[in-house]
Amino acid sequence: MVVGVCRIELHFPEGHSLKSKRQILSSLKARLCRTFKVSVAELGDHDLWQRSVLGIACIANESSHVNRVLDQAMNMIRGTPTLELLDFRIELL
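Since we're looking at a predicted model, the values are computed, not measured. (Residues numbered from 1 in each chain as written. Predicted model: local features only at pLDDT ≥ 70, side-chain atom pairs only at ≥ 80, totals over all residues. Heavy atoms only, no water.)

1. Things to note about empty space enclosed by the protein
Under the defined criterion, the tally for this structure stands at 1 cavity of 30 Å³ or more. The space that makes up the largest cavity amounts to roughly 30 Å³. Residue lining of the largest cavity: Arg 7, Ile 8, Glu 9, Asp 87, Phe 88 and Arg 89, and that is the complete set. At the level of elements, strand S1 (2–11) and strand S4 (84–92) are the ones that each hand at least two residues to the lining of the largest cavity. Here the residues of the lining of the largest cavity are counted per class, giving 2 nonpolar, no polar and 4 charged. (1 Å grid on protein atoms, 1.4 Å probe; cavity = no way out; pocket = protein on both sides within 12 Å on 5 of 7 lines; lining within 4 Å. Points joined across faces, edges and corners; volume = space filled by probe spheres on them. Helix = DSSP H or I, 4+ residues; strand = E, 2+ residues; numbered from the N terminus. Nonpolar A, V, L, I, M, F, W, Y, C, P; charged D, E, K, R; others polar.)

Next up, the structure:
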């Protein structure tokens, strides 16, 4: 069993309130869960309007599959026009 964990730092350049940030995050988390069958949670910067830290977890039998799923999830995040990807780190356990 291989567990992949990805920590992501995001910036919302057009975020003007916590409500707008929550709407963007809620949509993104639902899309990631539905598309890639991963678990997603907001890990930090809860009270900041324009920043967030997300965590994504994936479990599979092979590390290549976990790596592929997390890479595809990162590509989806990069392609989201309402946010900027500041930093990310992928770890396989």
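2. Description of the side chain of Thr 80
Among the structural elements, Thr 80 can be located in the loop between helix H2 (63–78) and S4. Leave out the neighbours within four places in its chain, and Thr 80 touches Leu 28 and Arg 31. (Contact = heavy atoms within 4.5 Å.)

3. Let's talk about the environment of Leu 70
By the secondary structure assignment, Leu 70 is in helix H2. A relative accessible area of 0% means that Leu 70 is categorised as buried. Separated by 64 residues in the primary sequence, Leu 70 and Cys 6 have C-alpha atoms spaced 7.3 Å apart. If we skip the residues at most four places from it in the chain, Leu 70 touches Gly 4, Val 5, Cys 6, Ile 56, Cys 58 and Ile 90. (Buried < 20%, exposed > 50% of the residue type's maximum accessible area, 1.4 Å probe, protein only.)

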